[in-house]
Amino acid sequence: MIDLVFATNNKHKLKELSRLTGNKFHLLSLKDLNCNDDIPETADTLEGNAALKARYIWEKFGKNCFADDTGLEVEALNGRPGVYSARYAGEEQNAELNVSKVLEEMIDRKNRSARFRTVFCLIIEGREYFFEGIVNGNLISERRGNEGFGYDPIFIPDGFDQTFAQMPLALKNKISHRGQATEKLLHFLKSL
Ligand code: IMP
């Protein structure tokens, strides 16, 4: 079984990924590497930020690894918050404030279409590979549910009537942006 570092400090993402990967490989976190660095996310695309994070770990620790960057892309807001999703309401990366800002900007908007997009950058022995996952849906006008994190309470995926924050994790993982990107990543790793 190969060791693979998931270059994130986000405990929600780690929980999602460890459920999705099961025992297919040995998933390590930044904590396991004793890495408390604030890895720069200064690119202006999801692909760019995922690559920055993964390259940082490969260059510093020489470990096979992957990193994700995720954005909520809202049609009526010309794709915002997008790559700026984490800091949409300010540098302190406060999910409550980020959600409030999106809700405010969406007041009276008829077009509620939005999507979550995740990009993974995987580095195996210095080679880079990218995987994308997208889930389409709609934004509602108030928060619903206590599961999940980030923008989950205001996003209803197409084909469902619950927000991601009202769903059990197993269901979110089955359909989500990160779930789909993970499927592709696992499929690729199996082919190595
Ligand atoms: P990052 O990928 O950690 O930079 O996340 C960007 C922003 O999107 C953060 O504010 C996260 O809370 C939010 N986010 C990332 N993944 C999800 C998700 O699965 N659901 C809801 N919000 C998310």
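Residues numbered from 1 in each chain as written. Predicted model: local features only at pLDDT ≥ 70, side-chain atom pairs only at ≥ 80, totals over all residues. Heavy atoms only, no water.

Colleague: Requested: an account of the nonpolar core, with residues and values cited.
Modeller: Core analysis: the largest hydrophobic core is formed by 21 residues, its most contacted members being Leu72, Leu139, Tyr151, Ile154 and Phe155. Put simply, the parts of the chain that give this core at least two residues each are β3 (65–74), α3 (95–105), β4 (113–124), β5 (127–139) and β6 (155–157). Ignoring any residue separated from it by four or fewer positions in sequence, one finds Ile154 in contact with Val99, Val102, Leu103, Asn138, Leu139, Ile140, Glu142 and Arg143. (Core = buried A, V, L, I, M, F, W, Y, C linked by side-chain atoms within 4.5 Å. Buried < 20%, exposed > 50% of the residue type's maximum accessible area, 1.4 Å probe, protein only. Helix = DSSP H or I, 4+ residues; strand = E, 2+ residues; numbered from the N terminus. Contact = heavy atoms within 4.5 Å.)

Colleague: Describe in detail unusual backbone geometry, supporting the description with residues and values.
Modeller: Between Arg80 and Pro81 the backbone carries a cis peptide bond, its omega angle lying at -5°. With respect to the secondary-structure elements, Pro81 resides in the loop between β3 and α3. The phi dihedral of Asn78 falls on the positive side, at around 55°, and the residue is not glycine. Position of Asn78 among the secondary structure elements: in the loop between β3 and α3. Judged by its relative accessible area of 72%, Asn78 is exposed. Positive phi values are uncommon outside glycine, yet Asp108 reaches one of about 70°. Mapped onto the elements, Asp108 comes out in the loop between α3 and β4. Using a relative accessible area of 73% as the deciding quantity, one classes Asp108 as exposed.

Colleague: I'd like to hear about the pairing of β3, residue by residue, with values.
Modeller: Of all 10 residues that make up β3, 10 are buried, and the element is covered over most of its length. The alternating pattern of β3 places Cys65, Ala67, Asp69, Gly71 and Glu73 and Phe66, Asp68, Thr70, Leu72 and Val74 on opposite faces, both of which are buried. Summarising the sheet, strand β1 (residues 3–6) and β3 pair through 2 bridges and their orientation is parallel. Pairing of Phe6 across the sheet is with Phe66, part of β3. As judged from the 10 bridges shared by β3 and β4, these two strands associate in the antiparallel manner. By the bridge assignment for β4, Glu73 is matched with Arg115. (Pairing = 2+ DSSP bridges.)

Colleague: Can you explain the site of the ligand? Please cite residues and give values.
Modeller: The immediate surroundings of the ligand are formed by 14 residues, with Lys13, Asp152, Lys172, His177 and Arg178 found nearest. Asp152 is positioned such that a nitrogen or oxygen atom in its side chain is 2.6 Å from a nitrogen atom of the ligand. Within the complex, 91% of the 480 Å² of free accessible area of the ligand lies under protein. Mapped by element, the contributors of at least two residues to the shell around the ligand are β3 and α5 (177–190). Its residues assigned to classes, the shell around the ligand comprises 4 nonpolar, 4 polar and 6 charged. (Near = heavy atom within 4 Å. Polar contact = N/O pair within 3.5 Å; in protein donor to acceptor, adjacent residues only side chain to side chain. Areas by Shrake-Rupley, 256 points an atom, 1.4 Å probe, with all protein chains shown as cover. Nonpolar A, V, L, I, M, F, W, Y, C, P; charged D, E, K, R; others polar.)

Colleague: Summarise the packing of helix α1 (residues 11–21) against α5; cite the residues concerned and give the values.
Modeller: Between α1 and α5, the least distance of the axes is 10 Å, while the angle of their chain directions is 45°. Comparing their axes, α5 and α1 come out oblique. Considering how the two elements wind past one another, α1 and α5 form a crossing that is right-handed. In this structure, α1 contributes Lys13, Glu16, Leu17, Leu20 and Thr21 to the contact, and α5 contributes Arg178, Gly179, Thr182 and Leu186. When its residues are assigned to classes, the contact of α1 with α5 shows 3 nonpolar, 3 polar and 3 charged. (Axes fitted to C-alpha atoms, helices over the stretch in contact; angles between N-to-C directions. Parallel < 35°, antiparallel > 145°, perpendicular 65-115°, else oblique. Left-handed = near helix turned anticlockwise from the far one by under 90°.)

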